[in-house]
Amino acid sequence: MSLTLAGARYRYAGTARDVLDGIDLEVAPGRVVGLAGANESGKSTVCLVASGLAPASIGGRLDGSVSIDGIETKGMAPHEAAQRCGVLFQNPTTQLSGTTVTVFEEIAFGPRNLGLEIGEIVGRVEWVLDTLGIAALAPKDPARLSGGQAQLVALASVLALRPAYLVLDEPTSQLDPQGTRLVGEALAGLAAETGTGILIVEHKTELLAAMAHDVAVLETGRIALAGPAPEVLADPRLAELGVEPPASARLRLALGAAGLGSDRDVFDAIDGAAAGGPRVGGRPAGEAPAVGPPVNA
Amino acid sequence: MSIPIAAESVAFVYPDGTRALDGIDLHVAEGERVAIVGQNGSGKSTLVRQLNGLLRPTEGRVLVDGRDAAQLHVAQLAARVGLAFQNPDRQIFAGRVRAEVAFGPRNLGRSGDAVDRAVDEALDAVGLSGTADANPYDLGYSRRKLLAIASILAMQTPVVILDEPTTGQDARGVARVRAIIERLSTEGRTVITISHDMRFVAETARRVVVMREGRILLDGTPGEVFGEANWPALASTYLEPTLPARVGARLGLDGTATEAALVEALQARRG
Amino acid sequence: MPHGTYHALNPTTKLVIAFAEALVAFGVRGWTGPLAVLVVLALTALAAGVARRMVPFALATIPLVISILLVNTLLYPGAHDVIVRLGPLAPTWSGLTAALQATLRVIAFALSAAILGLTTPTDDLLSDLERRGLGRRGTFVIGSAIRMVPRMGERAGEITDSQRARGMDTQGSVIRRVRGVIPLAGPMIFGALTEVEEQTMALEARAFSAPARRTVLRVLPDSGAQRLVRWVLFLGAIAAVAAEIAGLLHLP
């Protein structure tokens, strides 16, 4: 049981070059896999292929195997794929239907497309509102949400189809720090609470350090680096691959280079400060957002 | 080729009644490197639109090179204050990269070699020299964004404002933007950057202005703004100090907003 | 009549009312068509309690109205009943009459759409049309077209700002303005295209193309009386226009 890419190669319709050049990737239920890499290395394409949108919805040619719980996505209709693997894009506003007047109805949009019974739809919407901790948004107008809130509603709308896997393409890139924190917190507990397997593309390696179990780094359509998140995020090759290492890794390198590598108290301070932030997850639902850095012990 | 720019007691109210700016006093000296940070809706974008005349203050005044901006047209201000917007797709229209970059300087009345040289220089600065004849829409988002920045650089304005230049950029793109800002700065030009990325801000700006609800909340060097005394104020608008600042505070050092500053402070302490 | 009554009408009834109003306003020549429709619109707006909120819609027609007035009054073909000579300009009475009538029609059209929009949530209208058999794609095309409008306005504003910041002069000579069209229209079209692409994928990700019959969340109230009203209005408006075209109506 997993979302699996095996030797996946993909080229867009009307082009002659494989953007993905043999990708092997596995996302197990309840696991969070981070995907990093320079721009135009194929990250967004992996999202389209893994979620079944490519080629079913946008065409192009897929070779190799992409399967969700053992079923190949080739030949899967887009609405079937959507119920197995959800996908969230960068821009919060273009993902909302724009035809609904409340967040509740917006989230019900997907389940309604499936023709589900009203009781089932209401149950799903309430479940997802509760899971993401956004019940308070239910009566609001989707057009009047902040960027972070809109992105959460877009996420909720996808989750309402009850997919076993979720693909997130830079979900916080267009958000301000407040929105980033809001979405980061909602995502952090999601895999553990719901057993959803998550593939997340992200430039912000801090976010990956906080939530990913494993991380893979792409380079021109191939996986150049993969393994447990702490190892990959501390790998010295990260920068060459166009990926900014997390702040703590960078700081350790800078201190080492300056000959300060042996100061125990300095490294303890880094561990302490890094553990204190960025604040992603771990806060009980309903608690007021803890703002600011931790007070020094 | 630099000029000072200032907002004096500027307030701005949108037609729908939203008070986006309230009592803004900001004096930016010639050649300064300033970053403006704050949440969406805090007034950052509204403020920079006052500086190039796209919006005019409801109260107070804006001074560009000592002259009241109210007496200058947007086109005149555009020759002094270049503003690269956040979304490149709201400006790119030309069929060739080169033509897109030439649009600004031509509008300013330049022609011939002067334009060619400015375009070449700007494309070189953003690393797009190799794609000068490409169609802009064949470039990915991050390169379109650099193209939009180049189209402002080519106008060779004494003041350059960059709104969220690092959004969607990878590590190389961010390094590129940083290099552009440093180069502008060594040329003595004034650079104002809006950004959500605190590390980028701490490393590129000499002065950080924090905005909240249309007002200036904090204004100082990165070391000062991210110093421990300001953490509650930063937290009140969901901003976090950089990691070196947090580490420095734990070690009893203040003003260590960047890795370099922290290393320096530690070396100094060691003696 | 309490304000809620008009709001509570079935969305399709309100759509037919707006359609009939627009048809009569444009299809019946002279003053009677547009004036009759404007009276009906004014009464409806008061009854529905949306009169104040319609002001911006009326104001939005101003640029169009001004150009209609200028062009017709000054350049009405074949008109010689000059009001007053102002140098090279010769406004005519027939031009002015035609212009005022056209203005009323435009305003009537804008306001009939405004009342529909202000009293009917888009989603209600769409789900009602869908229940009546309009396919989900058709439904979506209408829905997204409706929501495009405010977005287009926003986008146009951002594009204008971006180009003005690059020194483009939006004032000045006609040639300058014509030249300014491409830098404004280009990003507009490209932006719309990329957005449609993103939106299509996002819709697929929400099972939009599922073959099932879409669940209707709320069955909107309807009645035999409303059904009758719809047919009467629909056929009545068409009959009025047909009579006009056939030359049977001799209204002022």
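Since the structure is predicted, the reported quantities are computational estimates derived from the model, not experimental observations. (Residues numbered from 1 in each chain as written. Chains lettered and ligands numbered in written order. Predicted model: local features only at pLDDT ≥ 70, side-chain atom pairs only at ≥ 80, totals over all residues.)

A few words on the nonpolar core. The biggest cluster of nonpolar side chains holds 197 residues, and the ones touching the most others in it are V49 and A156 of chain A together with A150 of chain B. At 8 residues, the largest contribution of residues to this core is made by helix α6 (residues 147-159) of chain A. Not counting the four nearest positions on each side in its chain, V49 of chain A is found in contact with L5, A8, Y10, L20, A54, L62 and V66 of chain A. In terms of nonpolar packing, the next biggest core, distinct from the first, is built from 24 residues, V24, V28, I115 and A240 of chain C among them. (Core = buried A, V, L, I, M, F, W, Y, C linked by C-beta atoms within 7 Å. Buried ≥ 20, exposed ≤ 12 C-beta atoms within 10 Å, placed from the backbone. Helix = DSSP H or I, 4+ residues; strand = E, 2+ residues; numbered from the N terminus. Contact = placed C-beta atoms within 7 Å.)

On the side of chain B, 21 residues touch chain C, which itself brings 19 residues to the contact. When residues of the side of chain C that touches chain B are traced back to their parent elements, those giving at least two are α8 (136-165) and α10 (181-204) of chain C. Sorting elements by how many residues they give to the side of chain C that touches chain B places α8 of chain C first, with 8 residues. Of the residues contributing to the side of chain C that touches chain B, the split by class is 7 nonpolar, 6 polar and 6 charged. (Nonpolar A, V, L, I, M, F, W, Y, C, P; charged D, E, K, R; others polar.)

Let's shift gears to the confidence of the model for chain C. All names here are of chain C. Overall, the predicted model of chain C reaches an average pLDDT of 84, with 94% of residues at or above 70. When mean pLDDT is compared element by element in chain C, helix α11 (residues 224-245) scores highest at 92, while helix α9 (residues 174-179) scores lowest at 69. Confidence estimates for the predicted assembly give a pTM of 0.83 and an ipTM of 0.90. (pLDDT = per-residue confidence, 0-100.)

Residues and elements named next belong to chain A. Two numbers describe how helix α4 (residues 103-113) lies on helix α5 (residues 118-131): the axes approach to 9 Å, and their chain directions differ by 125°. In terms of their interaxial angle, α4 and α5 are classed as oblique. The interaxial crossing formed by α4 with α5 has right-handed handedness. Here α4 contributes F104, I107, A108, P111 and R112 to the contact with α5, which in turn contributes I121, R124, V125 and V128. Within the contact of α4 with α5, the residues separate by chemical class into 7 nonpolar, no polar and 2 charged. (Axes fitted to C-alpha atoms, helices over the stretch in contact; angles between N-to-C directions. Parallel < 35°, antiparallel > 145°, perpendicular 65-115°, else oblique. Left-handed = near helix turned anticlockwise from the far one by under 90°.)

With that settled, the discussion passes to the domain arrangement of chain C. All names here are of chain C. For chain C, the assigned domains read domain 1 (1-120 + 222-252) and domain 2 (122-220). On a C-alpha basis, the centres of domain 1 and domain 2 stand 26 Å from each other. Contacts between domain 1 and domain 2 engage 6 residues on the former and 6 residues on the latter. Its residues assigned to classes, the side of domain 1 that touches domain 2 shows 2 nonpolar, 3 polar and 1 charged. (Domains from an automatic or database assignment.)

Attention now goes to helix α1 (residues 43-50) of chain A. Residue and element names in this part refer to chain A. The element α1 is extensively covered by neighbouring structure, given that 7 of its 8 residues are classed as buried. Along α1, the residues that are buried comprise K43, T45, V46, C47, L48, V49 and A50. Downstream of α1 by a residue or two, G52 has a phi angle that is positive, lying close to 85°.

Residue and element names in this part refer to chain A. Across the sheet, which stays open at both edges, the 6 strands sit in the order β6-β7-β8-β3-β9-β10 with mixed pairing between neighbours. The two strands at the open ends of the sheet, each matched to only one other strand, are β6 (85-88) and β10 (222-228). Taken pair by pair, the neighbouring strands of this sheet meet at an average axis angle of 15°, ignoring direction. Where strand β9 (residues 214-219) meets β10, 6 bridges bridge the pair, whose relative direction is antiparallel. Paired with A216 across the strands is A226, a residue of β10. (Pairing = 2+ DSSP bridges.)

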